[in-house]
Amino acid sequence: MADIIHFHRVSHRYGDGPQIISDVSFTLRKGEMAFLTGPSGAGKSTLLRLTALLARPTRGQIVVEGRNLADIKPREIPAFRRQIGLTFQNPSLLNDRSVFDNVALPLLIRGHSGEDIGRRVRAALDAVGLLPKEKAFPLTLSGGEQQRVGIARAVVAKPPLLLADEPTGNLDPHMALEVMQLFMRFNEVGVSVLVATHAVSLISRLPHRVIHIEHGSLEQRRKAELMEKTIEF
Amino acid sequence: MSSRASSRARRVAQRPSWPERLLQDHVRALRNSLGALARKPVGTLLTAFVIGITLALPAGLHTLVANLHQAGSSALQGTLRLSLFLDDDVNQARGEALTREIARRPGVSSAQYISRAQALEEFRAFSGFGEALDLLKENPLPATVVVTPRSGLPRVETEALLRDLSALPEVAQAKLDQKWLERLYAILELVQRAVLMIAAALALAVLVVIGNTVRLDIENRREEIGILKLIGATPGYIRRPFLYTGLWYGLAGGALACLLVEAGVLALAEPARQLAGLYDSQAGLLGLRFDAAVAVFGAGMGLGWLGAFWAVSRHLRQVEPAP
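Thresholds applied
Here the residue numbering is sequential within each chain, running from 1 through the sequence in written order. Just so you know, chain letters begin at A and ligand numbers begin at 1, following the order they were written in. Only residues with pLDDT of at least 70 get local features here, since the model is predicted, and only at 80 or more are side-chain atom pairs given and counted; chain-wide, interface and lining totals rely on the full set of residues. Side-chain metrics rest on all non-hydrogen atoms present in the structure, leaving aside hydrogens and water. The helix count covers DSSP runs of H or I at least four residues long, the strand count covers runs of E at least two residues long, and both are numbered beginning at the N terminus. Based on C-alpha atoms, the radius of gyration is set beside the globule rule, defined as 2.2 Å times the residue count to the power 0.38. Exposure classes here rest on a 1.4 Å probe applied to the protein chains alone. A residue is buried below 20% of its type maximum, exposed above 50%, and partly exposed in between. In this analysis an axis means a line fitted to C-alpha atoms, helices contributing only their contacting stretch, and an angle means the value between N-to-C directions, from 0 to 180 degrees. Note on angle classes: values under 35 degrees are labelled roughly parallel, values over 145 roughly antiparallel, values of 65 to 115 roughly perpendicular, and the remainder oblique. For this analysis, residues touch if any pair of their heavy atoms sits within 4.5 Å. Residues are grouped as follows: nonpolar covers Ala, Val, Leu, Ile, Met, Phe, Trp, Tyr, Cys and Pro; charged covers Asp, Glu, Lys and Arg; every other residue, Gly included, is treated as polar. Buried Ala, Val, Leu, Ile, Met, Phe, Trp, Tyr and Cys residues that are joined via side-chain atoms within 4.5 Å together make up what is termed a nonpolar core. At least two DSSP bridges between two strands are needed for those strands to be called paired. By definition, a salt bridge exists where a carboxyl oxygen of Asp or Glu is found within 4 Å of a side-chain nitrogen of Lys or Arg. The quantity reported as buried area is the accessible area (1.4 Å probe) lost by two parts once they are put together, taken as the sum for both. Counting of polar contacts relies on pairs of N or O atoms within 3.5 Å, with two restrictions inside protein: one atom must be capable of donating a hydrogen and the other of accepting it, and residues adjacent in sequence are counted only when both atoms are side-chain atoms. As used throughout, domain bounds are those supplied by an automatic or database domain assignment. pLDDT measures the predictor's confidence residue by residue and takes values from 0 up to 100. Helix span is expected to be 1.5 Å times the residue number reduced by one.

Some points on the overall build of chain A
Helix and strand counts for chain A stand at seven helices and ten strands. For 233 residues, the compact-globule estimate of 2.2 N^0.38 gives 17 Å, and chain A sits close to it at 18 Å. Viewed in the frame of its principal axes, chain A has a C-alpha envelope of about 50 × 40 × 35 Å. Residues classed as buried in chain A amount to 56% of the 233 residues present.

Remarks on the packing of helix α5 (residues 143-155) of chain A against helix α6 (residues 173-188) of chain A
Residues and elements named next belong to chain A. Between α5 and α6, the least distance of the axes is 11 Å, while the angle of their chain directions is 10°. One element, α5, and the other, α6, form an angle in the roughly parallel class. When α5 is examined against α6, the residues G144, R148, I151 and V155 are found in contact with a partner set consisting of M175, E178, V179, L182, F183 and F186. Across the contact of α5 with α6, the residue classes break down as seven nonpolar, one polar and two charged.

Concerning unusual backbone geometry
Residues and elements named next belong to chain A. In this model, L53 sits at a positive phi of 60°, which is unusual for a non-glycine residue. For K158, which is not glycine, the phi torsion reads 50° and is therefore positive. Positionally, K158 belongs in the loop between α5 and β7 (161-165). According to the relative accessible area criterion, K158 is exposed, its value standing at 66%.

Re the nonpolar core
Counting residues in hydrophobic clusters, the biggest one holds 83 residues, and the most contacted among them are A:V103, A:V121 and A:F183. Residue contacts for A:V121: discarding those within four places in its chain leaves A:F100, A:V103, A:A104, A:L107 and A:V156.

A word on the sheet that holds strand β5 (residues 67-68) of chain A
Residue and element names in this part refer to chain A. Across the sheet, four strands lie side by side as β2-β1-β4-β5; this open sheet has antiparallel pairing. Of all the strands in the sheet, just β2 (19-29) and β5 have a single pairing partner and so form its edges. Direction of pairing for strand β1 (residues 3-13) relative to strand β4 (residues 59-64): antiparallel, over a ladder of five bridges. From the neighbouring strand, S11 faces β4, where its bridge partner is R59. Here helix α1 (residues 44-51) sits on the sheet in contact with β1, β2 and β4, set at roughly 120° to β1.

A short note on the pattern of salt bridges
Residues and elements named next belong to chain B. Summed over all chains, the structure comprises 19 salt bridges over all chains. Two residues, D291 and R289, come together in a salt bridge whose shortest N-O distance is 3.0 Å. By relative accessible area, which is 52% here, R289 ends up exposed.

Overview of the interface of chain B and chain A
Across the contact, 25 residues belong to chain B and 26 residues belong to chain A. Between chain B and chain A lies a buried interface of about 2300 Å² when both sides are counted; carbon and sulfur atoms form 57% of it. Our enumeration of links across chain B and chain A arrives at one salt bridge. The partner of A:R97 in a salt bridge is B:E224, with the nearest N and O atoms 2.6 Å apart. At the boundary of chain B with chain A, the tally comes to six residue pairs in polar contact (both at pLDDT 80 or more). Taken together, the elements giving at least two residues each to the side of chain B that touches chain A come down to α1 (2-13), α2 (18-39), α9 (222-230) and α10 (235-278) of chain B.

Here's the deal with the domain arrangement of chain B
Split by domain assignment, chain B resolves into domain 1 (17-74 + 183-318) and domain 2 (81-177). Computed from C-alpha atoms alone, the centre-to-centre distance between domain 1 of chain B and domain 2 of chain B is 54 Å.

Here we look at the confidence of the model for chain B
Taken residue by residue, chain B gives an average pLDDT of 83. The fraction at 70 or more is 89%. Listed scores for the predicted complex are pTM 0.74 and ipTM 0.87.

Focus on the sheet that holds strand β2 (residues 108-114) of chain B
All names here are of chain B. Ordered by their spatial adjacency, four strands build an open sheet running β2-β3-β1-β4, and the pairing between neighbours is antiparallel. Two strands in the sheet have a free side with no partner beyond their single neighbour: β2 and β4 (171-176). With strand direction ignored, the average angle separating the axes of adjacent strands in the sheet is 20°. Packing against the sheet, helix α7 (residues 155-166) makes contact with β1 (82-86), β2, β3 (144-149) and β4, and its axis sits at approximately 165° to β4.

Describing helix α4 (residues 114-127) of chain A
In an α-helix, one turn spans 3.6 residues, which is why side chains three or four residues apart end up on the same side. Residue and element names in this part refer to chain A. Between its first and last C-alpha, α4 extends 20 Å over 14 residues, near the 20 Å set by a 1.5 Å rise per residue. For α4, the complete set of buried residues consists of D116, I117, G118, R120, V121, A124 and L125. Downstream of α4 by a residue or two, G129 has a phi angle that is positive, lying close to 75°.

Description of helix α3 (residues 99-110) of chain A
Residues and elements named next belong to chain A. Buried residues dominate α3, accounting for eleven of its twelve residues. What α3 keeps buried is the set V99, F100, N102, V103, A104, L105, P106, L107, L108, I109 and R110. Two residues or fewer after α3 comes G111, characterised by a positive phi angle close to 80°.

As for the side chain of B:T213
With respect to the element layout, B:T213 can be found in helix α8 (residues 179-220). In this view, B:T213 contacts B:T47 and B:Y249; residues no more than four positions away in its chain are not counted.

Put into structure tokens, the structure is as follows:
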């Protein structure tokens, strides 16, 4: 199966700062869902940022959707980013716009017609269980609801790749599980998903591959091995 | 029914073709920018007012110059005289006949013959050099025909009349009493240049005002721009509402400028009529002409767009994709 993300010996540091990740190689196959784990500051976010071209690696090669990111010129970045759905621990919603308008943004920039936008936004809100809240404003929603609005925005344009950075960071365990199940449902319809999280106990109950990163280097484990830290790939 | 519904679903599932999409994007940007301005009416009006006043100044000066031009070619023309100095060998009868002939010409309102003797009398009475004249053996003054052109005669035709009359065999020399009219035109020429220079300087001011307003706008919407960059909006898409914002500021400023100039003309209309009355003229004040108004609007919108473009190209790149 083809790879959707391929890191080959990638290192990164911000400016003259310390090396955030060093010599990392891994792949995410098309249609796969995987978790990226590791302590805070281990470089999980940086890895996702590099994948979405929010930063460029200092060394190594990254290929996403068959394109070497080093070959993507600045003016090609917007089109590249439209292939990726991104969500963050802070869902960064626009507080002066309704839930509907927030989720509609990716469709607006793609030039969908108003009718089409209405249909797709409602479908995405329905998928995250927030259809009744479409007219609400983000600040009137709970943290979990805001998180789900962010996820709806990430998937509304049906990108082939979904990157989620600590999507369950400020959710209670029950809601966190719901959000993970949401990602699994997207994965079932063919979206490749990479979720950075430190909710180890949560993902240990899920069947997906775990990519563990610590001090900027990488280990890949099966979920059962996660707690023991003995056998490595 | 169901087949129609599914074909409709297929149609809306497709994105519109690119010209439709472009139009749709522009309509959306246009609506959004207007909405954003309407949400903060006081700030919008203040900015529009500053631009309005800045544009009104050159527009008002332009109107003033246009009015002085019109006054120069109508009201002042009423006081215009052509003096024809006749050859000394033209006798009084011939001179009077010539005067009647000239008075019948088109473009001439009246003509008056002043004989050599009358001229001497007038000179003796008004100049104060009467005694000096007594020393001369003969009258040095020529006979004169004073021609008053029809009032409101265009300047070119007045000059043509002067040429025609000076070509008459009896006329030794013809003089148009237009020195101060020419001075006025020269001054107006100068003022017009100055208006252009002021307009250029103020255009720069409008550019800076709009550029700065749009810069603050960008500053206030950093978060939104960051998110748009994150989800892959093109720079053109992000830029568009700001450019429309500049356009609206310019348009509103242009409209206010036209209103201010018209208000100024209305306020000055009565005293101007009185002044014109003193010059035996019916001429009222001219308002902003249609083409000048169009120019004010065009300048406003053009400068608004340009100012916004300047701000956007300087500041949009600095906004990092969120978060």
